[in-house]
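Single-letter residue listing:
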Amino acid sequence: MIRADETESTIVPRIEVGERLEAGFEWFEDTFDSAINWVGSTVAYISDGLAEILAIPDALILTVILAAIAWLVRNWKLALGTVGLMLFIITVDQWNEALETLALVAVAAAIALIIAIPLGVLAAKSQIASRIIRPVMDLMQTMPALVWLIPALAMFSLGMTAGIFATLIFALPPGVRFTELAIRQVDAEVVEAGHAFGSTPAQILFRVQLPLAAKTIMAGVNQVIMLALSMAVFAGFVGAGGLGTEVVRAISQLNLALGFDAGLSVVMLAIYLDRVTAGIGGGEGVLAKLLRRRKSAPVQTEETAEDKAATGSPTT
Amino acid sequence: MTDTASNNVAPAVSVQNAYKAFGRRPQTIVKRLKEGATRDELKSQGMAAVIDASFDVAPGEIFVVMGLSGSGKSTLIRTLNGIQPPTDGTVKIFGQDITNVSPRQLRSIRREKIAMVFQHFALMPHRTVGQNAAYALEVRGISRSDREKKAEEALNMVGLAGYGGSFPHELSGGMRQRVGLARALAAETDLMLMDEAFSALDPLIRKEMQDQLLELQQQLGKTIVFITHDLNEAMRLGNRIAMMRDGRIVQIGTTEQILNDPANDYVAQFIQEVDRTRVLTAGEIMEPPVAVLGAGQGPRAAHRLMREHQTSALCVVDQTRHLQGVVYEDDVAAAVAAGAEGLTGLLRQMPATLPGTLLAELIGAASQHAAGLAVVDDHGRLHGVIPRVTLLNALADTSAEGAVRTILEEAPA
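Source: prediction; values computed, not measured.

**Some details on the overall build of chain A**
On a plain count of helices and strands, chain A comes out with 14 helices and zero strands. Counting from the amino terminus, helix and strand elements in chain A follow one another as α-α-α-α-α-α-α-α-α-α-α-α-α-α. For chain A, the residues scored as buried account for 43% of the 316 residues in total. Intrachain contacts of chain A at a sequence separation of at least 6 include 75% that bridge at least 24 residues. Just so you have it, chain A exposes about 16800 Å², and 68% of that area is on carbon and sulfur atoms.

**Observations regarding the overall build of chain B**
Check the secondary structure of chain B and you find 16 helices and 16 strands. The dimensions of chain B, computed from C-alpha atoms along their principal axes, are 85 × 65 × 40 Å. When each of the 413 residues of chain B is scored for burial, the buried share is 51%. Restricting to contacts in chain B with at least 6 residues of sequence separation, those with at least 24 account for 65%. As presented, chain B carries roughly 19200 Å² of accessible surface, and 48% of it is formed by carbon and sulfur atoms. For chain B, the separation between the mean place of its 42 positive charges and that of its 47 negative charges on side chains is 9 Å.

**Quick notes on the pattern of salt bridges**
Summed over the entire model, instances satisfying the criterion amount to 24 salt bridges over all chains. Here A:Glu180 makes a salt bridge to A:Arg134, at a shortest N to O gap of 3.3 Å. Linking A:Glu180 in helix H8 (residues 160-185) with A:Arg134 in helix H6 (residues 127-142), this pair joins segments that are 46 residues apart in sequence. Of the residues examined, A:Glu180 reaches a relative accessible area of 8% and is grouped as buried. In this structure, A:Arg207 engages B:Glu138 in a salt bridge whose closest nitrogen and oxygen atoms are separated by 2.5 Å. Taken together, the residues span two chains, with A:Arg207 in helix H10 (residues 201-234) and B:Glu138 in helix H5 (residues 135-139). Here B:Glu138 falls in the buried class, since its relative accessible area comes to 8%. Through salt bridges that share partners, A:Arg134, A:Glu180 and A:Arg184 make up one connected network.

**Some words on the pairing of strand S6 (residues 114-117) of chain B**
Residues and elements named next belong to chain B. Burial along S6 is two-sided: the residues Ile 114 and Met 116 and Ala 115 and Val 117 are all buried. Taken together, the four bridges between S6 and strand S7 (residues 191-195) define a ladder with parallel strand orientation. Each residue of the ladder has a partner; that of Met 116, found in S7, is Leu 193.

**Brief notes about the sheet that holds strand S14 (residues 352-353) of chain B**
Residues and elements named next belong to chain B. One open sheet accounts for three strands, arranged S14-S15-S16; its pairing is mixed. Each having just a single partner strand, S14 and strand S16 (382-386) make up the two edges of the open sheet. Note: strand S15 (residues 373-376) against S16, four bridges, orientation antiparallel. Looking across to S16, one finds that Ala 374 is bridged to Val 385.

**Some thoughts on the domain arrangement of chain B**
Residue and element names in this part refer to chain B. On domain assignment, one finds that chain B holds domain 1 (4-277) and domain 2 (284-395). Spacing between the C-alpha centres of domain 1 and domain 2 amounts to 42 Å. Counting from both sides, the interface comprises five residues of domain 1 and, opposite them, seven residues of domain 2. Of the roughly 550 Å² buried between domain 1 and domain 2 on both sides combined, carbon and sulfur atoms contribute 53%. The three residues of domain 1 that bury the most area against domain 2 are Glu 256, Arg 276 and Thr 277, which together make up 79% of that side's buried surface. Summed over the shared surface of domain 1 and domain 2, the result is zero salt bridges. Partitioning the side of domain 1 that touches domain 2 into residue classes produces no nonpolar, two polar and three charged.

**A word on the sheet that holds strand S12 (residues 313-317) of chain B**
Residues and elements named next belong to chain B. Within the open sheet, the three strands sit side by side as S11-S12-S13. Their pairing is mixed. Looking at strand neighbours, the two that pair on one side only are strand S11 (292-294) and strand S13 (323-328), the edges of this open sheet. Direction aside, neighbouring strands of the sheet carry axes that sit 35° apart on average. Note: S12 against S13, five bridges, orientation antiparallel. From the neighbouring strand, Ala 313 faces S13, where its bridge partner is Tyr 328.

**Structural notes on the environment of A:Glu192**
Tracing the backbone through its elements, the reader meets A:Glu192 in helix H9 (residues 188-196). Owing to a relative accessible area of 13%, A:Glu192 belongs among the buried residues under this scheme. Separated by 182 residues in the primary sequence, A:Glu192 and A:Thr10 place their C-alpha atoms 60 Å from one another. When residues no more than four places from it in sequence are discounted, the contact partners of A:Glu192 are B:Arg78, B:Ile83 and B:Phe118. Only 2.5 Å separates the side chain of A:Glu192 from the side chain of B:Arg78, close enough to count as a polar contact.

**Re H8(A)**
Residues and elements named next belong to chain A. When the terminal C-alpha atoms of H8 are compared, their 37 Å separation across 26 residues agrees well with the 38 Å that a helix rising 1.5 Å per residue should span. By the largest-angle criterion, Ala 171 marks the main kink of H8, which is about 35°, and a proline, Pro 173, follows within four residues. For H8, a buried count of 21 out of 26 residues is recorded, marking the element as mostly surrounded by other parts of the structure.

**Description of the nonpolar core**
The biggest cluster of nonpolar side chains holds 181 residues, and the ones touching the most others in it are B:Leu181, B:Met192 and B:Met194. By residue number, the principal contributor to this core is helix H5 (residues 95-125) of chain A, which donates 16 residues. The residue makeup of this core includes at least three contributed by each of domain 1 (4-277) and domain 2 (284-395) of chain B. Ignoring any residue separated from it by four or fewer positions in sequence, one finds B:Leu181 in contact with B:Val117, B:Val158, B:Met192, B:Met194, B:Met209, B:Leu213 and B:Leu216. By size, the runner-up hydrophobic cluster in this structure holds 13 residues, among which are B:Ala302, B:Leu305, B:Met306 and B:Leu343.

**Quick notes on the packing of aromatic side chains**
Each pair of aromatic rings is reported with the distance of its centres and the angle of its planes. This structure, assessed with the given rule, holds five aromatic pairs over all chains. Relative to A:Phe32, the ring of A:Trp27 has its centre 6.3 Å away and its plane inclined at 85°; by these criteria the two rings are edge-to-face. Both rings, one in B:Phe55 and one in B:Phe63, keep their centres 4.8 Å apart while their planes meet at 10°; by these two values the pair is stacked. Side by side, B:Phe55 and B:Phe63 carry an identical accessibility label, which is buried.

**Considerations on a nonpolar patch on the surface**
Residue and element names in this part refer to chain A. A cluster of nonpolar residues, Trp 71, Leu 72, Trp 76, Leu 80 and Leu 287, forms a patch on the protein surface that exposes about 530 Å² of accessible area. Where the nonpolar patch is concerned, the elements lending two or more residues are helix H3 (59-73) and helix H4 (76-91). Assignment of secondary structure puts Leu 287 in helix H13 (residues 286-291). Classification of Leu 287 as partly exposed rests on a relative accessible area of 37%.

**Observations regarding the packing of H10(A) against helix H12 (residues 256-282) of chain A**
Residue and element names in this part refer to chain A. Viewed as axis vectors pointing N to C, H10 and H12 meet at an angle of 170°, and their least axial separation amounts to 8 Å. The angle between H10 and H12 falls in the class roughly antiparallel. Taken as a pair, H10 and H12 cross one another with a handedness that is right-handed. Here Lys 215, Met 218, Asn 222, Ile 225, Met 226, Leu 229 and Val 233 of H10 come into contact with H12, specifically with Val 266, Leu 269, Ala 270, Leu 273, Asp 274, Thr 277, Ala 278, Ile 280, Gly 281 and Gly 282. Of the residues belonging to the contact of H10 with H12, the class tally is eleven nonpolar, four polar and two charged.

Parameters at a glance
Residue positions are counted from 1 within each chain, in the order its sequence is given. Naming scheme: in the order in which they are written, chains are lettered from A and ligands are numbered from 1. Predicted model: local features are reported for residues with pLDDT of at least 70 only, side-chain atom pairs are reported and counted for 80 or more only, and whole-chain, interface and lining totals are derived from all residues. The basis for every side-chain value is the complete set of heavy atoms in the structure, and neither hydrogens nor water enter the calculation. A helix here means a DSSP run of H or I that spans at least four residues, while a strand means a run of E at least two residues long, and both kinds are numbered starting from the N terminus. Burial classification: accessible surface area is computed with a 1.4 Å probe over protein chains only, and a residue below 20% of its type maximum counts as buried, one above 50% as exposed, and the rest as partly exposed. A contact between two residues is defined here by any heavy atoms of the two lying within 4.5 Å. Each accessible area value is a Shrake-Rupley result obtained with a 1.4 Å probe; residue values ignore everything except the protein chains displayed when judging cover. His is not counted, nor are the chain ends, whereas Lys and Arg count as positive and Asp and Glu as negative. Here the site of a charge means atom NZ of a Lys, CZ of an Arg, CG of an Asp or CD of a Glu. Think of a salt bridge as a Lys or Arg side-chain nitrogen and an Asp or Glu carboxyl oxygen that are within 4 Å of each other. In short, DSSP must find at least two bridges between two strands for them to pair. The domain limits used here are those given by an automatic or database domain assignment. Values labelled buried area give the accessible surface lost by two parts on being combined, using a 1.4 Å probe and summing over both. Under this grouping Gly is polar, as are all residues other than the nonpolar Ala, Val, Leu, Ile, Met, Phe, Trp, Tyr, Cys and Pro and the charged Asp, Glu, Lys and Arg. Fitting a line to C-alpha atoms yields each axis, with helices limited to the stretch in contact; the angle taken between N-to-C directions then spans 0 to 180 degrees. Contacts described as polar in this section are N or O atom pairs within 3.5 Å, which, within protein, must combine one atom able to donate a hydrogen with one able to accept it, while residues neighboring in sequence count only if both atoms come from side chains. For a helix, the expected span equals 1.5 Å multiplied by the residue count minus one. Two axes enter the bend calculation: one fitted to the seven residues ending at the residue in question, the other to the seven starting there, and the bend is the angle between them. For this analysis, a nonpolar core means a set of buried residues of the types Ala, Val, Leu, Ile, Met, Phe, Trp, Tyr and Cys, connected via side-chain atoms within 4.5 Å. Here a pair means two rings of Phe, Tyr or Trp (six-membered ring of Trp) with centres within 6.5 Å. Their orientation is stacked below 30 degrees between planes, edge-to-face above 60, and tilted elsewhere. Each patch groups residues whose relative accessible area exceeds 30% and which form no salt bridge, using 9 Å between like charges and 5 Å between nonpolar side chains of Val, Leu, Ile, Met, Phe, Trp and Tyr. With respect to orientation, any angle under 35 degrees is reported as roughly parallel, any angle over 145 as roughly antiparallel, any angle of 65 to 115 as roughly perpendicular, and every other angle as oblique. Crossing handedness is defined as follows: a turn of the near helix away from the far one that is anticlockwise and smaller than a right angle gives a left-handed crossing, while the clockwise case is right-handed.

Right, here's the structure in full:
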């Protein structure tokens with residue numbers, strides 16, 4: 001056992017990095033106490049509200065709604081699959097827990113994206129911002145996920161908010177990275193064309209870069225949601241509720257049956273969220289077709305050309 | 001005919017001693033270049049892409065910048081709309097210096113004055129053809145119905161009527177570049193920059209696009225700066241051509257000037273590979289018709305004219321200089337001997353061509369007609385003649401004279 005002022009080496013002195021970070025964190029907590037409280041209560045309000053709304057309809061009705069969403073963003077096969085996934089969760093009696101987890105993931109992922117996408121845009125536009133943001137993202141992602149539960153607990157005490165905070169930190173980085181990559185990958189000649197015709201920076205961003213980066217950004221959104229879901233289970237340790245709490249309970253009771261029920265429910269939820277977000281990114285679903293409503297390819301007559309110009313196409 | 005730089009009209013584009021260097025300290029590179037350092041000596045510090053470029057482009061002119069990859073031509077064209085602002089020197093677009101304006105002003109100049117066509121089309125894949133064509137107008141804040149109308153007009157102009165609702169990926173390469181062209185035309189700017197616009201297209205489509213561009217330019221009278229690495233293309237399109245090498249402009253001139261009087265070995269080497277029959281046009285090599293015969297005159301007048309001008313054939317024109325045909329020496333002599341009065345029966349057909357016709361298309365006709373070819377305008381009025389010897393001369397590559405020896409000197413006395 002090494003004492004506080006000793007290290008394994010006789011030469012290298014002990015520096016209390018952890019203690020200093022803790023002191024810094026405590027200073028932060030004290031200084032922004034009211035802000036933290038406000039954020040905590042707001043997030044709690046939103047996530048509780050969402051969980052309650054999800055709990056209003058009967059399990060089967062919500063299943064149908066989720067299946068309808070799957071059909072809209074992808075196809076009827078996924079809709080059918082969705083029914084199967086949800087029926088599994090209902091039948092192992094994890095439905096309410098799954099809804100809580102879904103609410104936690106939704107809020108955490110939404111906040112993560114609200115922060116991550118603008119940060120990613122900033123990193124893509126500014127080399128300096130990129131150099132600062134990258135190591136921070138590395139830190140957030142490589143730090144063992146459970147460690148983030150400690151400050152979460154200290155700031156927001158036991159409950160869903162702490163879980164959301166820890167989940168948020170863990171799930172944020174891919175959102176930033178994918179957004180930066182997506183925008184950097186947009187064909188430079190197309191961006192140049194935008195400049196050549198006198199577009200403002202905002203026009204370049206919203207009319208050229210973001211639409212062309214959308215597919216890759218959606219891959220980032222998918223990653224954020226998947227990471228949020230995996231972290232949501234860890235969040236059970238800080239009493240975030242939902243499937244995570246069930247898993248923690250199963251561990252403490254060594255209850256393998258409960259562990260599988262809750263664990264497999266997480267898997268079902270993961271499959272659903274993954275396929276749906278991938279479907280949005282793929283843009284092949286009914287919804288995408290509705291949004292892209294237009295007349296089909298080349299027609300030669302003058303009349304149709306005029307007709308087309310008059311109706312235009314509403315994808316702008 | 002095309003030496004427009006000396007005209008009094010204010011130039012559409014005026015570039016004075018422009019430099020563009022890339023690297024940590026571009027200013028230092030330019031300073032060293034001005035002190036006489038070469039591009040290679042400065043390689044460790046950065047890249048001197050454009051060195052001391054100066055030229056004027058007259059309104060309505062097609063100015064071609066020709067060079068191999070790495071010669072700085074693409075950078076040069078980007079200094080014209082400020083996408084790559086020059087490190088030193090000035091660039092004026094319709095009299096306005098764009099090198100020291102605010103970003104906002106620069107954007108408005110780009111919106112109002114300059115359109116651009118790109119090598120790889122640079123269409124926006126998420127927008128329909130119509131929306132792509134309307135992009136410049138959209139940026140300018142023109143109402144939806146107006147810009148759709150103008151975009152459609154532009155699409156009609158390039159032969160893409162009815163494709164407004166398609167997406168770029170549904171079109172072939174040639175059609176996509178037509179969309180790129182339509183986008184630039186819809187912007188209704190007086191200046192159009194074309195960066196290797198046809199280089200990515202296959203040869204047949206490329207020729208078609210070149211013809212279309214020439215046609216559009218005649219209709220619309222735009223000023224065009226065209227970048228290419230293909231000298232045949234440069235000579236087909238350009239009123240004047242700037243030859244670039246290693247960042248410098250080594251020669252500016254018309255097709256004829258460059259072919260007949262290359263500024264240095266580099267240019268000379270280049271033009272060796274040019275198929276002259278496919279770049280020179282009838283209008284460029286024709287000679288003024290020194291002796292023409294009025295349709296009302298008789299064989300005697302013809303005989304006298306032929307003797308005066310030492311020629312064996314005469315073009316015959318009416319009072320408004322419309323070409324009627326040609327008379328030959330033998331026929332005239334016979335008619336004079338027979339004491340005939342009019343030209344009836346003497347008049348032979350004369351092959352006539354337009355000034356824009358390429359020499360390749362003339363050779364067949366020239367071989368069959370001793371009198372050579374007449375050059376007429378659209379209304380059939382005589383502009384000039386191309387005797388066979390002129391045609392041969394034009395085809396001759398001046399740099400390859402060593403291949404033929406003059407035998408007379410070596411013949412025994």
